[in-house]
Amino acid sequence: MAKIDSTFMSATDYSLTVESVITKSIRVFELRTYTTAPGRLKNLHARFRDHTCKIFENHDITNVAYWVPMDKKQGADNTLVYLISHKSREQARKNWRGFGGDPAWKKARTASVKDGKILAKRPQSVFLRSVDYSPIK
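All values derive from a computational prediction rather than experimental measurement.

Reading guide: rules and limits
- Residues numbered from 1 in each chain as written.
- Predicted model: local features only at pLDDT ≥ 70, side-chain atom pairs only at ≥ 80, totals over all residues.
- Heavy atoms only, no water.
- Core = buried A, V, L, I, M, F, W, Y, C linked by side-chain atoms within 4.5 Å.
- Buried < 20%, exposed > 50% of the residue type's maximum accessible area, 1.4 Å probe, protein only.
- Helix = DSSP H or I, 4+ residues; strand = E, 2+ residues; numbered from the N terminus.
- Contact = heavy atoms within 4.5 Å.
- Arc of directions from axis to C-beta.
- Polar contact = N/O pair within 3.5 Å; in protein donor to acceptor, adjacent residues only side chain to side chain.
- Pairing = 2+ DSSP bridges.

1. A few points about the nonpolar core
One finds L44, F48, F56, Y66, L80 and Y82 to be the most contacted residues of the largest nonpolar core, which totals 17 residues. The set of elements that each furnish at least two residues to this core consists of α2 (41-58), β3 (62-69) and β4 (79-86). Ranked by the residues each element gives to this core, the list is headed by α2, at 6 residues. Residues in contact with L44, not counting those within four places in the same chain, are Y34, T36, L80, I118 and L119. F29, V64, A65 and L83 belong to the second largest nonpolar core, which has 5 residues in total.

Structure (structure tokens):
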């Protein structure tokens, strides 16, 4: 082992509990990290809380958990990290295409950036699969 990275995170008020997302169904997970422009994290939270999480469900994107780092130097003021799931990587591509074309999403996004952009850079995405001993499959 060359290096261990560790980040302490706290759940957002719109994050689900771990118990509510445990399932026996095999799926793929997508870990996404958003970095906001200065002072815009609250706007990103509002967009997810009020719109995005609901729209995800309409496109077979399962909300799992949403966090922010606890330490300022690791992005407490400008970072949202979240975990969603899809039935497969192929299904993820279809899900994202549907989501991106959804009129409700376009309306929510437009409203959320009317007073300036929210993101400082493109979101990062990593696909994950759970290990056999994980309670979340």
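So much for the structure itself; the text now carries on.
2. Digging into helix α4 (residues 103-112)
Where α4 is concerned, the buried positions are W105, A108 and S112. Around the axis of α4, the buried residues are gathered within 65 degrees of arc, so they sit on the same side. Along α4, the residues that are exposed and aim more than 90 degrees away from the buried face are P103, K107 and T110. Where α4 is buried, its residues contact α2 and α3 (89-101). Two or three places before A104, at the start of α4, stands the capping residue D102, its side-chain oxygen 2.7 Å from that residue's backbone nitrogen.

3. Observations regarding the environment of F8
By the element assignment, F8 lies in the segment before β1 (9-11). Placed 60 residues apart in sequence, F8 and V68 show a C-alpha to C-alpha distance of 8.6 Å. Each residue touching F8, except ones within four places of it in the same chain, is listed here: V68, P69, M70, D71 and Q74.

4. What about the side chain of E30?
Turning to its location among the elements, E30 is positioned in strand β2 (residues 28-35). For E30, a relative accessible area of 2% puts it in the buried group. Side-chain polar atoms of E30 contact the side chain of R32, separated by 2.9 Å. There is a polar contact of 2.7 Å between the side chain of E30 and the side chain of S125.

5. Some words on the pairing of β4
In terms of burial, β4 is a largely internal element, 8 of the 8 residues being buried. Alternating positions in β4 separate into two faces, T79, V81, L83 and S85 on one and L80, Y82, I84 and H86 on the other, with burial throughout. Taken together, the 8 bridges between β2 and β4 define a ladder with antiparallel strand orientation. Bridge pairing in β4 places L31 opposite L83. Examined bridge by bridge, β3 and β4 share 5 bridges and lie antiparallel to one another.

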